[in-house]
Amino acid sequence: MKVSLQYTSGATTSGYSVGVSMMCADLPLAPAAPTVLIKNLDQVVIEWQPPASDGGTPVLGYQVDMKKDGDAYTQIYDGAEDPGSRILYITEYNSAPLEVTTYYFRVRVLNWVGAGPDSAETTVILATQTSPRRQHRLRNRSRLDQRLRRGRRERSCKGRDRRRQRCRGRPIRTCSCEPLRTHLELRVRASCNNIRLVPR
């Protein structure tokens, strides 16, 4: 909007002054509820989108509130220094590590007029689930256990093989054959390198 002034004194009327631009603005609308990207006991990552209307002025930043069951909301982030940032990493609550409980988050937008209304809250339930870092440690431990068990089995098998070699004797083999002479059959019995022919 552009405004010009005119001065009137009795029968004298001045011309219009140079126009001055004015902008009518309002508070921004509330953004949608933030979205949870990652949630575990190590960290919670949330993301939000710009509001449908910024109120007619540029967005100066976003504010994020957080609470847990039984507590009041506490502001944990003021994005006035980085208006374009819309992702927040949370690793603690009230200077303490995250715990197994339910947390709530909400976001509001800042512009030249002030802070807009709060968004709908997002609920994050942290259970006793294994974080990616702990899963990596468990996988490494499982692989180590498998290698140890495999080594024990190999040593055990080698020990059994050595015992078998010490106790192994020459096998006894029995065979029968029919020579060209039909009235004679030889049975060959080999035991401890001794061969004995037995006529039928």
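A quick note: this is a predicted structure, and the numbers were derived from the prediction, not measured.

**Some thoughts on the sheet that holds strand β9 (residues 87-90)**
Move 1: Taken in spatial order, the three strands line up as β5-β6-β9 in an open sheet, and their pairing is antiparallel. A single partner strand is all that each edge strand has here, and the edge strands are β5 (35-39) and β9. On average, each strand axis in the sheet is tilted by 20 degrees relative to the strand beside it, whichever way the strands run.
Move 2: Of the strand pairs in this sheet, strand β6 (residues 44-47) and β9 are connected by four bridges, and their pairing is antiparallel. Bridging from a neighbouring strand, Val45 pairs with Tyr89 of β9.

**Describing the sheet that holds strand β13 (residues 122-125)**
Move 1: A sheet is described by the order of its strands in space; here four strands give the open sequence β8-β7-β12-β13, paired in antiparallel fashion. Sheet topology places β8 (74-78) and β13 at the edges, where each strand pairs with a single neighbour. Sheet twist, expressed as the mean angle between neighbouring strand axes with direction ignored, is 25 degrees.
Move 2: In this structure, strand β12 (residues 102-110) lies alongside β13, joined through four bridges in antiparallel fashion. Bridge pairing in β13 places Tyr104 opposite Thr123.

**Some words on the side chain of Arg108**
Move 1: Within the fold, Arg108 resides in strand β12.
Move 2: Since its relative accessible area comes to 13%, Arg108 is described here as buried.
Move 3: At 2.7 Å, the side chain of Arg108 forms a polar contact with the side chain of Gln63.
Move 4: There is a polar contact of 3.0 Å between the side chain of Arg108 and the side chain of Asp118.
Move 5: Those residues in contact with Arg108 that sit more than four places away from it in its chain are Pro31, Gly61, Tyr62, Gln63, Asp65, Gln75, Ala115, Gly116, Pro117 and Asp118.

**Notes on the nonpolar core**
Move 1: Within the largest apolar cluster, 18 residues are counted, with the highest numbers of intra-cluster contacts made by Val44, Ile46, Trp48, Ile90, Leu98 and Phe105.
Move 2: Listed by contribution, the elements that provide at least two residues to this core are β6, β7 (61-68), β9 and β12.
Move 3: In contact with Ile46, not counting residues within four places along its chain, are Pro34, Thr35, Val36, Val64, Arg86, Ile87, Leu88, Ile90 and Phe105.

**Re a nonpolar patch on the surface**
Move 1: On the surface, a nonpolar cluster with roughly 370 Å² of combined accessible area is contributed by Leu37, Ile38, Ile87 and Tyr89.
Move 2: Among the secondary structure elements, those contributing two or more residues to the nonpolar patch are β5 and β9.
Move 3: With respect to the helices and strands, Ile87 occurs in strand β9.
Move 4: By relative accessible area, which is 35% here, Ile87 ends up partly exposed.

**Quick word on the environment of Val36**
Move 1: By secondary structure assignment, the location of Val36 is in strand β5.
Move 2: Its relative accessible area of 28% is what places Val36 among the partly exposed residues.

**Quick word on unusual backbone geometry**
Move 1: Backbone geometry at Asn94 places phi at a positive 55 degrees, although glycine is not the residue there.
Move 2: Of note, Asn94 is situated in the loop between β10 (92-93) and β11 (96-97).
Move 3: A positive phi is found at Ser95, a non-glycine position, where the angle reads about 65 degrees.
Move 4: Relative to the helices and strands, Ser95 resides in the loop between β10 and β11.

Each value, and the rule that gives it
Residues numbered from 1 in each chain as written. Predicted model: local features only at pLDDT ≥ 70, side-chain atom pairs only at ≥ 80, totals over all residues. Heavy atoms only, no water. Pairing = 2+ DSSP bridges. Helix = DSSP H or I, 4+ residues; strand = E, 2+ residues; numbered from the N terminus. Axes fitted to C-alpha atoms, helices over the stretch in contact; angles between N-to-C directions. Buried < 20%, exposed > 50% of the residue type's maximum accessible area, 1.4 Å probe, protein only. Polar contact = N/O pair within 3.5 Å; in protein donor to acceptor, adjacent residues only side chain to side chain. Contact = heavy atoms within 4.5 Å. Core = buried A, V, L, I, M, F, W, Y, C linked by side-chain atoms within 4.5 Å. Patch = residues over 30% accessible without salt bridge, like charges linked within 9 Å, V, L, I, M, F, W, Y side chains within 5 Å. Areas by Shrake-Rupley, 256 points an atom, 1.4 Å probe, with all protein chains shown as cover. Salt bridge = Lys/Arg side-chain N within 4 Å of Asp/Glu carboxyl O.

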